[in-house]
Number of protein chains: 2
Amino acid sequence: MAPFLSRRDLQFQLYEVLDTASLPQRPRFAEHSREVYDDVLNLAYNVADKYFANHAREADLNEPHVVDGKVKLVPAAAEAMKAFREAGFFSAHHDEELGGLQLPHVVTQAAQAHFKAANIGTSSYPFLTIGNANLQRAFASPEQQQKYMLPLLEGRWFGTMALSEPHAGSGLADITTTATPREDGTYSITGTKMWISAGEHELSENIVHLVLARIKGAPAGIRGISLFIVPRYRVNEDGSLGESNNVVLAGLNHKMGYRGTTNTLLNFGEGGETIGELIGEPGRGLQYMFHMMNGARIGVGMGAVMLGYAGYLASLEYARERRQGRHASNKDAASEPVRIIEHADVRRLLLRQKSIVEGGLALGLYAAHLEDEIETGPEEGREDNALLLDLLTPIVKSWPSKYSQEALSDAIQVMGGAGYTRDAPVEMYYRDNRLNPIHEGTEGIQGNDLLGRKVTQAGGRGLKVLLSRIQADLKASGGLEGLDEIRSALEQAVAQSSAALQSILTKAPDLGPDLFLANANSALEMLGHTVIGWMWLRQAIAAARALPEARGDDADFYRGKLQAARFFATHELPKVKAHAELLASADRTTFEMQDAWF
Amino acid sequence: MAPFLSRRDLQFQLYEVLDTASLPQRPRFAEHSREVYDDVLNLAYNVADKYFANHAREADLNEPHVVDGKVKLVPAAAEAMKAFREAGFFSAHHDEELGGLQLPHVVTQAAQAHFKAANIGTSSYPFLTIGNANLQRAFASPEQQQKYMLPLLEGRWFGTMALSEPHAGSGLADITTTATPREDGTYSITGTKMWISAGEHELSENIVHLVLARIKGAPAGIRGISLFIVPRYRVNEDGSLGESNNVVLAGLNHKMGYRGTTNTLLNFGEGGETIGELIGEPGRGLQYMFHMMNGARIGVGMGAVMLGYAGYLASLEYARERRQGRHASNKDAASEPVRIIEHADVRRLLLRQKSIVEGGLALGLYAAHLEDEIETGPEEGREDNALLLDLLTPIVKSWPSKYSQEALSDAIQVMGGAGYTRDAPVEMYYRDNRLNPIHEGTEGIQGNDLLGRKVTQAGGRGLKVLLSRIQADLKASGGLEGLDEIRSALEQAVAQSSAALQSILTKAPDLGPDLFLANANSALEMLGHTVIGWMWLRQAIAAARALPEARGDDADFYRGKLQAARFFATHELPKVKAHAELLASADRTTFEMQDAWF
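Residues numbered from 1 in each chain as written. Chains lettered and ligands numbered in written order. Predicted model: local features only at pLDDT ≥ 70, side-chain atom pairs only at ≥ 80, totals over all residues.

Notes on the overall build of chain A
Part 1: Across its full length, chain A holds 18 helices and twelve strands.
Part 2: Expressed along its principal axes, the backbone C-alpha trace of chain A runs to roughly 80 × 60 × 60 Å.
Part 3: Sorting the 598 residues of chain A into buried and exposed places 60% on the buried side.
Part 4: Within chain A, residue pairs in contact and separated by at least 24 positions form 76% of the contacts whose partners lie at least 6 positions apart. (Helix = DSSP H or I, 4+ residues; strand = E, 2+ residues; numbered from the N terminus. Buried ≥ 20, exposed ≤ 12 C-beta atoms within 10 Å, placed from the backbone. Contact = placed C-beta atoms within 7 Å.)

Structure below.
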C-alpha cells in the first residue's frame, strides 16, 4: 500500500518553509530541539501506520452498530486508542505540569496529521477529546478541570461537542435544549442533540459532553445560550464513576463516509435526570464554544488535506505501475504500452492533486504557526497574527474541504475503474472527505464569516496584514530563478481580489447586508485561491533557494515543488478573475431568484 | 419523496426548444402524433416510478452477490425487467416489422431518461441489451439477427459489451483475448474480460456477449481486433438453448456506486470450449463497437444528466421545507427562521444545479435530435449534422458526467448533514454518478478525441457547423427581452474558444502530436461550457418568446429558465477564458513534469 503521507514534504514544510527549528529559542520550548520534534513525528508515523492505517477500510466496511444496547466498533479501534494514549498524544501540547510536552502548535498539527491521513474515522475520537479538553483548559473552573479535564488528558475518558439539534444545525441561535437550575448549583438538562460524533461508544470509561443549552428564562438567540459539562456517567467527588447520567442514545446516523466515527442522536434527561455543570458565565456558551470551534475548523481543514494527500499518494503509486496506451507520436502498435504517468493528462491529474494537497498542507501548518506566534512569538506581532489567523480560519477550513474533494476525484480518475472499487482506498477517502465542507460550519457559513465579519474586522486590519505579507514574499522572490510565472500570476490574483473587495465594500451601504453577502462564496473562492497561491510562492522560494546545492532525490523534490507552483499559477490562479468580477459587480442573479421559478 | 424528473421541463425541451411535434410529418413517423409521444412518456414515467424508483436504494444496499454459484440481485429488479418488457421499451425505437414503434431518437432518449433518473443501476440491464441489439442490427448477418437479436428485442435475453481486459482498459489496442477458427466457421474464444457490466445474472434466459478478440495470427493493434457474438448458453438451430458455453464468472467487482449493476470478471473458454460467431469482417471489430459506443456515450451523458436531475429535485424539495437561520438584515432573534431556499447561497447551489442539469438535458436531447436529422431529416443537412454530432459526442458524454457530479455535491451541500446520510438519496446519486467520467471512455480519452480528431475532422467542418449554428441562434435572440447577459457572455465564450483553437491548430505542426494534445482537457472544458451556454441561449429564446403570453405556473417556469440562463452566463461562462488561454498558449507545465519530481 502507498504511504499515507510524505515525510519528506512534512520536513520541508516545517523546517524549510517555516522556521520550526528556531522555536526552541523561546522559553516555553527551551527543553526542545529539532531532534525532539523529529522523534515526535516519527512516533506519530509509527503509531499511525501500525494502529490506525491497519483498520481504516475495516472500520469503513463495519460501521458502528448497536448490540445489546451498546455501540459496537471494530476491535482495532480500541487498540488504536491504547497506542495513541500510551504514546502520550492526548496531552502532548499541554503544559508539563499537566503531563504534557509543551509542544508548539505547528508540531502538534504535524503529528496529528499522520492519524488523519491513516484513518480519519478512528482519529476523530482522540481529536474531539483533545478539543474538548482545550476548551475546558481555557474556560472551565479549576475544580471542573480537575474533575473532567484531567481524565481526558490521560485518554481514559473521551469528549464530544454537542451543539446541533434536529431542527437547528447551522442555525445554532435556535437551539432549545434546556438547563434548569438545581439547588446545588448544577443544572438539569433536557433536550435532544443531533449529529453528535463519538456521542456513544465503549472506547473509554466515560464520555464528557460539552452541551449548548438555554438556562430557563434566557433570552432568545445566541445571547441566551450557555455551555455545560454533561458526563455520560456521573462523577463522584473522588473522581470515581457514579450512576448513569441518563444521556440516551436515540439513534445512529448512517453516513456516506467517515463511517468509523459513530454519529449519534442523543436524548438528555430521558428516563431520569441528566445533570450538567455550567462552564463560566451564563449566556457566553457560544463564545466559549467558538474557542474550540476555531481550532476544530483548522482541524477539519487539516483532515481534508490529509485525506487528499493519502489519495494523491495512492494514485501516484498506481500511475507509476500501470501501463496503458502509447504517446500519440508513437504509431508502433507492437511497442510496449507506457506507464500512465507518462501521459500528459494523467500528469495533469497528479500535478493538480499535488498542488492542492501540498498547498493545503502549507496553509494548515501556517495557521498552526500563527497560533504559536500569537502565544509565544514576539509581543509586537501578536495582534497582527491574531487578526490574520481570524481572517484565514474560514479559508483554512473550507478551501481544503472543497479542493481535496476535487483532488480525490482526480485520484479516482487516475486509477479509472480500479479507483472506483473498494480494492483501492481512494473511493473511501472520497466518501470520507465529502463531510468536511459540511461539519463545523458549512461552506456557506465560512463565506459569510469571511466577507461579513473577518474582512472588515478591526477596520480591515487582518486583510491589510495578509496583503502586506504577500507583498513581502513577492519581494523576497525577486532574483530567484524559475519563479516568474508564479509571481506574476499571484500579483494578478492579489490585484483582482483587492479591487473586488474594495468595490463591494464601497457599495456595501447601498446594497444592504443581504445583497452584500449574496456573493460571499465568490469572496471565499477568490481569497482562498489567492492564499494558496501565496503558500505556493513561499514553497517555491524555499525550493529555489535550496535547488542549486541539491543533488539526486533532493534536487528532484525541489524541482517538483517548483513545477507544482507553476501548475497552480498556470492552471488554478487564473480562476480568481471570474470570481473577483462577480463579487465586484454585486451580481444579483442568485439574490433575485424566486422560489416559484425553480 | 421528490419526483425524479420534471415532466414540465421535458415537455419544454421536446416541444418548445426542439420541434419534436413536427416529426410525424416525416414518412418514418407518419403513424405518430404528439399524443403518441406523450403516451410513451407517460408510460415511461409510470413504469419508472412504480418498478424502478421503488428499489433504487434497496439495490444499493444489497449489491449483487454470489449464492450457490449464481449472481443474486434484489427480486424487485426482475419485476422491473418484466414491466419494462411488457411496456415494449426493448424494441420501441425499432422498425415496425421487428415489433417496434419506430420512435424517433429524441423521444426514445426522453423515455429512457425516466428509468435512468429512477434507478440507474437496474436500468443498465435493458440499456446494455438495447445497445447490443442496435449493433447487431447494423452489422450482424440476417441469420445472426434472427438467432441473437430478436430475443433481445423481446427482452427475453439480455446483452453486454465485453471490451476491457485486466491489463487493457482504456488501451483496447492491447487486448489479448483470442479467437481460434473452428472447422464450421465459428471460433473458439479464450481470454479474460474485466469490468463487464451485467456479465452474469439470472434476469434473462440467456446473455449475449459482444466480445472483442484477436483471430489467431492477426496483426498487433486495433487493426487486428474482431468482434464476436458469444452467448452464455449455446443456441440451437431452432432458437432453443443448448449447453453452457463455458463463460465463467471469475469475480464480482465491488464499486462505490452503481451497485445495482453487476460488474464482472469473466473467463472465456474455462473448463470447456467457448464458441463465438464473427460479426462482419475480421479486423473491423473496434469500428463496429464504436458504432455502439457512440450511442453508449450519449447514453452515459444522459444517465449523468438524470442522476444530477434527481439530486437537484431532492435538494430543492428539502430547501423548500427546511427552516434554518435568518437574513443578515433581520436582527430579531425571536422571529421564525426562514426556509433555507430564502438564503442567497442556497439559491446559488440550487441555481447551479438547475443550470447544469437542464443544460445537460438540453444537450442530450439535442444530440438525439441530430441522430433523427441524420436518419430522417432533409437530405442536404445530413452530412453537416453527422459531423456536428461527431464533434459534440465527447462533450455529450463528458460534460454532464463531470458537472452532474458537481451538481450532486451541491445537492448534498444544500441538505447538509441530512444529505450526507442514507436517509436521503443524494449521497447515492453522488456515488453512482462518479462512475460516469470513467466508463465508456474516460474524460482524458474524450479530450483527446475532441481536440485530436473531431475538431480537425473533414477539414474542421464540424466545428464550422457548430459555430454557424450558434451564430444563427445569437442572431435569432436579437430583440428578445432579458437575454442580453446570456448573449454577450456566449459571444465572448465563442470568441475565446475560436481564437484558442485557431492558435493551437496553427502551432500544431511545431508542437508535435504529444504537446499539441497536452492541454486537450482545456479544449474539452472550454467547448463544453460554450456548448452548454448555447443550449441555455436556445432555452432562453424559447422562454422569452413564451413568457409574454404565459400566466401563473407557466410564467414562473419561463422566468426560472431565464434566470438559470443568466446564472450560467454570469457564474459559469466566465470560466471559459482561463481554459482558452491555457490552450492557446500551448502550456508546457504538465508536459514537462517528470515522474521523479512527484
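Thoughts on the relation of the copies chain A and chain B
Part 1: Relative to chain B, chain A is turned by 180° and slid 0.0 Å along the rotation axis, the superposed coordinates differing by an RMSD of 0.0 Å. As the rotation angle and translation indicate, the two copies are arranged about a two-fold axis. When C-alpha distances to the rotation axis are compared across chain A, the minimum falls at K575(A), with a value of 3.4 Å.
Part 2: Most of the interface of chain A is mirrored in chain B: 100% of its interface residues are interface residues there too. (Least-squares fit on C-alpha atoms with pLDDT ≥ 70 in both.)

Regarding the environment of D19(B)
Part 1: Tracing the backbone through its elements, the reader meets D19(B) in the loop between helix 1 (7–17) and helix 2 (34–52).
Part 2: Considered as a pair, D19(B) and A544(B) are 525 residues apart in the sequence and their alpha carbons are 17 Å apart.

Comments concerning the confidence of the model for chain A
Part 1: Confidence along chain A averages 97 in pLDDT terms, with 100% of residues attaining 70 or more.
Part 2: Complex prediction metrics read pTM 0.98 and ipTM 0.98. (pLDDT = per-residue confidence, 0-100.)

A short note on the interface of chain A and chain B
Part 1: Taken together, the 76 residues of chain A in the interface contact 76 residues of chain B.
Part 2: The element contributing the most residues to the side of chain A that touches chain B is helix 16 (residues 552–572) of chain A, with eight residues.

Some points on the domain arrangement of chain A
When the parts come together, some accessible area is lost, and that loss is often what is quoted as the size of the interface.
Part 1: Segmenting chain A into domains produces domain 1 (7–153), domain 2 (158–282) and domain 3 (451–591).
Part 2: Taking only C-alpha atoms into account, the centre of domain 1 of chain A sits 32 Å from that of domain 3 of chain A. (Domains from an automatic or database assignment.)

Details of the nonpolar core
Part 1: L212(A), F228(A), L212(B) and F228(B) are the most contacted members of the largest nonpolar core, which totals 398 residues.
Part 2: Apart from the residues within four sequence positions on either side, L212(B) is in contact with A162(B), L163(B), L172(B), I175(B), T177(B), I225(B), L227(B), G285(B), L286(B) and M289(B). (Core = buried A, V, L, I, M, F, W, Y, C linked by C-beta atoms within 7 Å.)

Focus: the UniProt feature "domain: Acyl-CoA dehydrogenase/oxidase N-terminal" (unreviewed entry) in chain A
Part 1: In this structure's numbering, the residues bearing the UniProt feature "domain: Acyl-CoA dehydrogenase/oxidase N-terminal" (unreviewed entry) are residues 46–155 of chain A.
Part 2: Structurally, residues 46–155 of chain A is divided into 65% helix and 5% strand, and its ends, taken at the C-alpha atoms, are 19 Å apart. (UniProt positions renumbered as here; feature names shortened; annotations may be inferred.)

What about the environment of S468(A)?
All names here are of chain A.
Part 1: Structurally, the position occupied by S468 is in helix 13 (residues 457–476).
Part 2: For S468, a count of 11 C-beta atoms within 10 Å gives the class exposed.
Part 3: Residues S468 and L582, 114 residues apart in the sequence, show an inter-C-alpha distance of 25 Å.

Re the pairing of strand 3 (residues 158–162) of chain A
Along any regular strand the residues' side chains alternate between the sheet's two faces.
All names here are of chain A.
Part 1: Taken across its five residues, strand 3 has five buried, putting it largely inside the fold.
Part 2: Going residue by residue along strand 3, you find F158, T160 and A162 tucked away on one face and G159 and M161 tucked away on the opposite face as well.
Part 3: As defined by bridge partners, strand 3 adjoins strand 6 (residues 207–215) across five bridges and the pair is classed as parallel. Bridge pairing links G159 to V208 in strand 6. (Pairing = 2+ DSSP bridges.)

Looking at the UniProt feature "domain: Acyl-CoA dehydrogenase/oxidase C-terminal" (unreviewed entry) in chain A
Part 1: The UniProt feature table records "domain: Acyl-CoA dehydrogenase/oxidase C-terminal" (unreviewed entry) at residues 283–450 of chain A.
Part 2: Between the first and last C-alpha atoms of residues 283–450 of chain A the distance is 25 Å; the span itself is 74% helix and 0% strand.

Topic: the environment of R382(B)
Residues and elements named next belong to chain B.
Part 1: Tracing the backbone through its elements, the reader meets R382 in helix 10 (residues 382–419).
Part 2: Residue R382 is classed as partly exposed on the basis of its C-beta count, with 15 C-beta atoms lying within 10 Å.
Part 3: Residues R382 and A87 lie 295 residues apart in sequence; the distance between their C-alpha atoms is 32 Å.
Part 4: Beyond its immediate chain neighbours, meaning those up to four positions away, R382 contacts E373, I374 and G377.

Quick word on the packing of helix 2 (residues 34–52) of chain A against helix 5 (residues 105–118) of chain A
Relative orientation and spacing of two packed helices are given, respectively, by the angle between their axes and the distance between those axes.
Residues and elements named next belong to chain A.
Part 1: Axis separation between helix 2 and helix 5 bottoms out at 8 Å; the angle between their running directions is 15°. With respect to helix 5, the element helix 2 is oriented roughly parallel. Here helix 2 runs over helix 5; the crossing is right-handed. Counting all contacts with helix 2, which are made through Y37, V40, L41, A44, Y45, A48, D49 and F52, the residues of helix 5 involved are V107, A110, A111, H114, F115 and A118.
Part 2: Classifying every residue of the contact of helix 2 with helix 5 by side-chain character gives twelve nonpolar, one polar and one charged. (Axes fitted to C-alpha atoms, helices over the stretch in contact; angles between N-to-C directions. Parallel < 35°, antiparallel > 145°, perpendicular 65-115°, else oblique. Left-handed = near helix turned anticlockwise from the far one by under 90°. Nonpolar A, V, L, I, M, F, W, Y, C, P; charged D, E, K, R; others polar.)

A short note on the packing of helix 13 of chain A against helix 15 (residues 520–546) of chain A
All names here are of chain A.
Part 1: Put simply, helix 13 and helix 15 touch, their axes get as near as 10 Å, and they point 30° apart. In this view, helix 13 runs roughly parallel relative to helix 15, as classed from their interaxial angle. In this structure, helix 13 meets helix 15 at a crossing whose hand is left-handed. Seen from helix 13, the contacting residues are I470, D473, L474 and A476; seen from helix 15, they are W534, L537, R538 and I541.
Part 2: Partitioned by chemical class, the residues of the contact of helix 13 with helix 15 number six nonpolar, no polar and two charged.

Quick notes on the pairing of strand 12 (residues 275–278) of chain A
Residue and element names in this part refer to chain A.
Part 1: Residue alternation in strand 12 divides its side chains into two sets, I275 and E277 and G276 and L278, and both sets are buried.
Part 2: Bridging between strand 7 (residues 225–231) and strand 12 involves two bridges; their strand directions are antiparallel. Opposite F228, over in strand 12, you have L278 as the bridge partner.

Structural notes on helix 8 (residues 285–321) of chain A
One turn of an α-helix holds 3.6 residues; hence residues three or four places apart share an orientation.
All names here are of chain A.
Part 1: For helix 8, spanning 37 residues, the distance from its first C-alpha to its last is 53 Å, which sits close to the expected 54 Å at 1.5 Å a residue.
Part 2: The largest bend along helix 8 reaches roughly 30° and is located at H291.
Part 3: Burial analysis of helix 8 places 31 of its 37 residues in the buried class, which makes it a mostly covered element. (Expected span 1.5 Å × (residues − 1). Bend = angle between axes of the 7 residues up to and from the residue.)

Digging into unusual backbone geometry
All names here are of chain B.
Part 1: We note that D68 has phi near 55°; this positive angle belongs to a residue other than glycine.
Part 2: Its location among the elements puts D68 in the loop between strand 1 (65–67) and strand 2 (70–72).
Part 3: Unusually for a residue other than glycine, A198 sits at a positive phi of about 60°.
Part 4: Topologically, A198 is positioned in the loop between strand 5 (187–197) and strand 6 (207–215).

Examining helix 2 of chain A
Residues and elements named next belong to chain A.
Part 1: Between the first and last C-alpha of helix 2 there are 25 Å, a value that for 19 residues agrees with the 27 Å anticipated at 1.5 Å per step.
Part 2: All buried positions along helix 2 are accounted for by Y37, V40, A44, Y45, V47, A48, Y51 and F52.
Part 3: Packed against the buried residues of helix 2 are helix 1 (7–17), helix 4 (75–86), helix 5 and helix 6 (120–139).

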